[in-house]
Amino acid sequence: GEGEGEGEGEGEGEGEGEGEGEGEVSVEALLSACNGLVRRLQLVDSELVQPTPHPQGREPSPVVPARMRVMELFVGETHKVVNATILRYVEKVGQDELDVSEVLSLLSWMHVYRFNIEKYSPDTKMSVKFSEVEVHLTDRYDQLVRRLMEEWITSIMNQLYIKTATDAGGDAAAEKGADGNGDDAAAAAAAAAPPN
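Here we summarise the structure given alongside this text. (Residues numbered from 1 in each chain as written. Predicted model: local features only at pLDDT ≥ 70, side-chain atom pairs only at ≥ 80, totals over all residues. Heavy atoms only, no water.)

Okay, the overall build of the protein next. Looking only at helices and strands, one finds five helices and zero strands in the protein. Starting at the N terminus and walking to the C terminus, you meet the elements of the protein as α-α-α-α-α. Within the protein, the proportion of its 196 residues that are buried is 26%. Taking all contacts inside the protein whose residues are at least 6 apart in sequence as the whole, residues at least 24 apart take part in 66%. Within the structure as shown, the protein displays about 13200 Å² of accessible surface, and the carbon and sulfur contribution to it stands at 53%. (Helix = DSSP H or I, 4+ residues; strand = E, 2+ residues; numbered from the N terminus. Buried < 20%, exposed > 50% of the residue type's maximum accessible area, 1.4 Å probe, protein only. Contact = heavy atoms within 4.5 Å. Areas by Shrake-Rupley, 256 points an atom, 1.4 Å probe, with all protein chains shown as cover.)

Among the surface-exposed residues, Met149, Trp152, Ile153, Ile156, Met157 and Leu160 lie close enough to one another that they form a single nonpolar patch of about 620 Å² accessible area. Given a relative accessible area of 45%, Leu160 falls into the partly exposed group. (Patch = residues over 30% accessible without salt bridge, like charges linked within 9 Å, V, L, I, M, F, W, Y side chains within 5 Å. Salt bridge = Lys/Arg side-chain N within 4 Å of Asp/Glu carboxyl O.)

In this structure, Ile86, Leu98, Leu106, Trp109, Met110, Tyr113 and Leu137 are the most contacted members of the largest nonpolar core, which totals 30 residues. Elements with a minimum of two residues in this core: α1 (27-49), α2 (70-93), α3 (100-120) and α4 (128-176). If near-sequence neighbours (up to four positions away) are discounted, Tyr113 is found in contact with Val38, Thr78, His79, Val82, Asn83, Met126 and Phe130. (Core = buried A, V, L, I, M, F, W, Y, C linked by side-chain atoms within 4.5 Å.)

The next point concerns the pattern of salt bridges. Taken as a whole and judged by the stated rule, the model has five salt bridges. Residues Glu134 and Arg114 are paired through a salt bridge, measuring 2.3 Å at the closest nitrogen-oxygen approach. You can see Glu134 sitting in helix α4 and its partner Arg114 sitting in helix α3, a full 20 residues away along the chain. Owing to a relative accessible area of 14%, Glu134 belongs among the buried residues under this scheme.

If you check α1, its first and last C-alpha atoms are 32 Å apart, about what 23 residues at 1.5 Å a residue would give, namely 33 Å. Residues of α1 that are buried: Val27, Leu30, Leu31, Cys34, Gly36, Val38, Leu41, Val44 and Asp45. Buried residues along α1 sit against α2 and α3. (Expected span 1.5 Å × (residues − 1).)

Turning to the packing of aromatic side chains, a few remarks are in order. Counted according to the given criterion, the structure contains two aromatic pairs. With a centroid separation of 4.8 Å and 15 degrees between ring planes, the pair formed by Trp109 and Tyr113 is classed as stacked. With Trp109 and Tyr113 both in helix α3 and four residues apart, the pair spans about one turn of that helix. Take Trp109 and Tyr113: they sit in the same class, and that class is buried. Here Tyr113 and Phe130 contribute two aromatic rings whose centre-to-centre distance is 5.9 Å and whose plane-to-plane angle is 50 degrees, an arrangement assigned as tilted. Placement of the pair is Tyr113 in helix α3 and Phe130 in helix α4, with a sequence separation of 17 residues. Each member of the pair, Tyr113 together with Phe130, is buried. Put simply, the rings of Trp109, Tyr113 and Phe130 touch in pairs and so form one group of aromatic residues. (Phe/Tyr/Trp six-rings, centres within 6.5 Å; stacked < 30°, edge-to-face > 60°.)

If you want it as C-alpha cells, here you go:
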C-alpha cells in the first residue's frame, strides 16, 4: 500500500547530494536510508519481541511468540537489502574514487551496522564481499591519511624553511634564495623539502 516501508524521517532529503543529472547519491544520503532500516529493527525488537508487562500482574510475554523467530526474519531481510545496497554503491562509485571523509563515513557506519546486526541476531554473518570491502576501505583510508600527512608535513617544512631563511638572512637573503642567483625562497624551500 501507499506509504508502506516508509517511517518517520525517512525519505526526507531524497535527492540531496545527487550528482547533476547523474542520479548519484551521496554517502550521507545512502547511510541515512540504511540507518532508517536498522532503526526498524529496534522497533521490531521493542514492540514485538521484548516481553510486555501483563495488565493483571502475570508473567510478561512477548507480543509475538518466540517460536515465530520474528527478529531473525527481520534481521535477515534487512541485512540482505542493506548489504546489497552498500555493496552496489561502493561498486558503482569505485572504492578508489571515494575521498577520505566518504571512506571514514562508510567504515564507521559499517562498524556500527555490524554491531547492531550481531546484537539482534548473533547468527547472522556478514557476507564475504561485505568484509572484503571493509578491509579494502580500511586500506584506502590508511593510504589517503598517509598521503595527506605527507602533504601537511611537507607544507609545514616549507613554511618553516622560508621563515628560518627570512629570520636568518633578512628579507634580501630570502628573496635571493639559497644559491644566490635570484631564485625565490619558495624554490629553495621546495628543493630542500624531503623527497616523497
